[in-house]
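Residue strings, one per chain:
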Amino acid sequence: MPTFFDTHAHLDYPEFAQDLPELIERARAAGIERIISIGTDLESSRRAIALAERFEGVFAVAGWHPSHALEAPEDLRPALRELVKHPKVVAVGETGLDYYRLPSRQPGGTPADDENYKRKQAQIFQQQLEVAAEAGLNCVIHQRAALEDTLSMMQPFAGRVRGQFHCFADDAATMRRIMAMGSLVSFTGILTFKNGQNIRDALAATPMGQFMLETDCPYLAPIPYRGKRCEPAYVKEIADVAAQVKSCSLDDLSTATSGVAREFFAKLK
Ligand SMILES: [Zn+2]
């Protein structure tokens, strides 16, 4: 059976509290050999690490999500430096910039609130890039409506820290700019959606060995589970569509995507 990795799951979320062992067993039965559980703040990162200690095929990424930037400590680095020493922490993140839901679009929010929010996002993104560079790790990147600023903040780290632009939902030209920096893209269940043709076009243009697969569960369940809780086993449905788009066998897709994940996440065994 061709095997795959779920390179982006949020196993520590409450949606999974009831049936985690069964969920991991279903993933294993579907050929999903490795699951990377992504932290969204320090507590979530600690929970991801605890899951990695509990389940053999689970690994963790430690960091702070840009959407929670306002709750972040002034200096995230000391705590993060400790967490990334763990043998099963395979990257820093998820980090990056998200300008999609700015405070001024909410009731009572002002342009000054936007500037403060963006400044705080940039501050913790910079700190996480620094910790990644020190630790010799790569970053899991969350980028939404903030491509130019994300690329320009990563540029000084090019050659030291690479990014996995997770849940890639932009066009082929954007993919090429990301790859030109030495970074990579990763595709979710959006690939299977009827209205996901632009994402399939971006995948078609992405060379084999330069992309990964992920669920971003509990979100973005692929067809035929769209709208339901997503889980790592559904990488199988994403892989089926990815293999069609790439006109390759599932075995070739397995070799290519697992190979790039092992190379990108250096401590992934
Ligand atoms: Zn995520």
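Values in this document were obtained by computation on a predicted structure and should not be read as measured data. (Residues numbered from 1 in each chain as written. Predicted model: local features only at pLDDT ≥ 70, side-chain atom pairs only at ≥ 80, totals over all residues. Heavy atoms only, no water.)

Enumeration according to the criterion identifies 1 cavity of 30 Å³ or more in this entry. Phe-4, Phe-5, Thr-7, Met-212, Leu-213 and Thr-257 are the residues that line the largest cavity. Counting only elements with at least two residues in the lining of the largest cavity, the list comes to strand S1 (4-9) and strand S8 (211-213). No other element matches the 3 residues that S1 contributes to the lining of the largest cavity. Each residue belonging to the lining of the largest cavity can be placed in one class, and the counts come to 4 nonpolar, 2 polar and no charged. (1 Å grid on protein atoms, 1.4 Å probe; cavity = no way out; pocket = protein on both sides within 12 Å on 5 of 7 lines; lining within 4 Å. Points joined across faces, edges and corners; volume = space filled by probe spheres on them. Helix = DSSP H or I, 4+ residues; strand = E, 2+ residues; numbered from the N terminus. Nonpolar A, V, L, I, M, F, W, Y, C, P; charged D, E, K, R; others polar.)

Now for the packing of helix H5 (residues 147-154) against helix H6 (residues 172-180). The contact between H5 and H6 brings their axes to 11 Å, and the two run at 10°. Between H5 and H6, the angle is such that the two are roughly parallel. The two elements H5 and H6 cross, and the hand of that crossing is left-handed. Only Thr-174, Arg-177 and Ile-178 of H6 make contact with H5, whose side of the interface consists of Leu-147, Glu-148 and Leu-151. (Axes fitted to C-alpha atoms, helices over the stretch in contact; angles between N-to-C directions. Parallel < 35°, antiparallel > 145°, perpendicular 65-115°, else oblique. Left-handed = near helix turned anticlockwise from the far one by under 90°. Contact = heavy atoms within 4.5 Å.)

Leu-11, Leu-213 and Leu-253 are the most contacted members of the largest nonpolar core, which has 78 residues in total. Discounting chain neighbours no more than four positions away, the residues touching Leu-253 are Phe-4, Met-208, Phe-211, Leu-213, Ala-239, Ala-242, Ala-243 and Cys-248. Counting 15 residues, the second-largest nonpolar core is a separate cluster that includes Phe-5, Val-140, Met-212 and Ala-261. (Core = buried A, V, L, I, M, F, W, Y, C linked by side-chain atoms within 4.5 Å. Buried < 20%, exposed > 50% of the residue type's maximum accessible area, 1.4 Å probe, protein only.)

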